[in-house]
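Okay, here's what each chain looks like letter by letter:
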Amino acid sequence: ELKVEQNPLFLSMQEGKNYTIYCNYSTTSDRLYWYRQDPGKSLESLFVLLSNGAVKQEGRLMASLDTKARLSTLHITAAVHDLSATYFCAVDFMDSNYQLIWGAGTKLIIKP
Amino acid sequence: ETGVTQTPRHLVMGMTNKKSLKCEQHLGHNAMYWYKQSAKKPLELMFVYNFKEQTENNSVPSRFSPECPNSSHLFLHLHTLQPEDSALYLCASSQGPRTSGSYEQYFGPGTRLTVT
């Protein structure tokens, strides 16, 4: 079964702290995507990771991909309130005809 | 217009009404998707079109009827909906599996549907 699992599903943290969201997937793929969704809004693409060892950074967010471990991480450095959102990871698998299989999302709340 | 557009942005309809949602992509993509997002539920893929051909129908009730006249336009026709169909309906587009590169999906702003 093609599965993408995120953890935690909910995270409440203080401004200024660091934390990591994990995304595990069930079978071989070297393409993983991170999206952000603000309440009541659509999904916005954050990162596209297309190879083992890929690392991308944008501001206080950094995403990495380890295809051997079937694991991606989204690391938040010195969190600020504006990063409060729900973060989704998604993977495309050859067996899914390259449709994205989505994680359940991590709802992140950053308190001042 | 740029990116992916959806109309209407908000829709309230009765259970006996018929309405349609429209999606248009200006990105030159060949695959288009309808998703349903309900409160506290994961993103649900409803339909996939690749080069205008429907390639997926994930057990969606027949009261939802998609139409893809060309690679840039996608419609979702709605009739005799139920209150549990109230949700955010998202359209997305991407390169399809017959092309190279990533299959990053670009989303429209969504239609917030309320069925009364």
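Residues numbered from 1 in each chain as written. Chains lettered and ligands numbered in written order. Predicted model: local features only at pLDDT ≥ 70, side-chain atom pairs only at ≥ 80, totals over all residues. Heavy atoms only, no water.

A. Up close: the state of the cysteines. In this structure the tally under the stated criterion is 2 disulfides over all chains. Here Cys23 of chain A is linked by a disulfide to Cys89 of chain A, with a sulfur-sulfur distance of 2.0 Å. A torsion of 85° about the S-S bond marks the disulfide between Cys23 of chain A and Cys89 of chain A as right-handed. Note that Cys23 of chain A is positioned in strand E3 (residues 19-25) and Cys89 of chain A in strand E9 (residues 85-92), a separation of 66 residues in sequence. Pair check on accessibility: Cys23 of chain A and Cys89 of chain A agree, each one buried. A sulfur-sulfur separation of 1.9 Å characterises the disulfide bridge that pairs Cys23 of chain B with Cys91 of chain B. The disulfide joining Cys23 of chain B to Cys91 of chain B has a torsion of about -75° about its S-S bond and is therefore left-handed. Placement of Cys23 of chain B in strand E3 (residues 18-25) and of Cys91 of chain B in strand E9 (residues 87-94) is noted, with a sequence separation of 68 residues between them. The buried category is assigned to Cys23 of chain B, whose relative accessible area is 0%. On the basis of relative accessibility, which here comes to 0%, the residue Cys91 of chain B falls in the buried class. Of the cysteine sulfurs around Cys68 of chain B, a residue in no disulfide, the closest is that of Cys91 of chain B, at 9.1 Å. (Disulfide = S-S within 2.5 Å. Helix = DSSP H or I, 4+ residues; strand = E, 2+ residues; numbered from the N terminus. Buried < 20%, exposed > 50% of the residue type's maximum accessible area, 1.4 Å probe, protein only.)

B. Broad picture of the sheet that holds E3 of chain A. Residue and element names in this part refer to chain A. What the 5 strands build is an open sheet, ordered E1-E3-E8-E7-E6; its pairing is antiparallel. Each having just a single partner strand, strand E1 (4-7) and strand E6 (55-58) make up the two edges of the open sheet. Each strand of the sheet is rotated relative to its neighbour by a mean of 15°, with strand direction disregarded. Here E1 runs beside E3; their pairing, made up of 4 bridges, is antiparallel. From the neighbouring strand, Val4 faces E3, where its bridge partner is Tyr25. (Pairing = 2+ DSSP bridges. Axes fitted to C-alpha atoms, helices over the stretch in contact; angles between N-to-C directions.)

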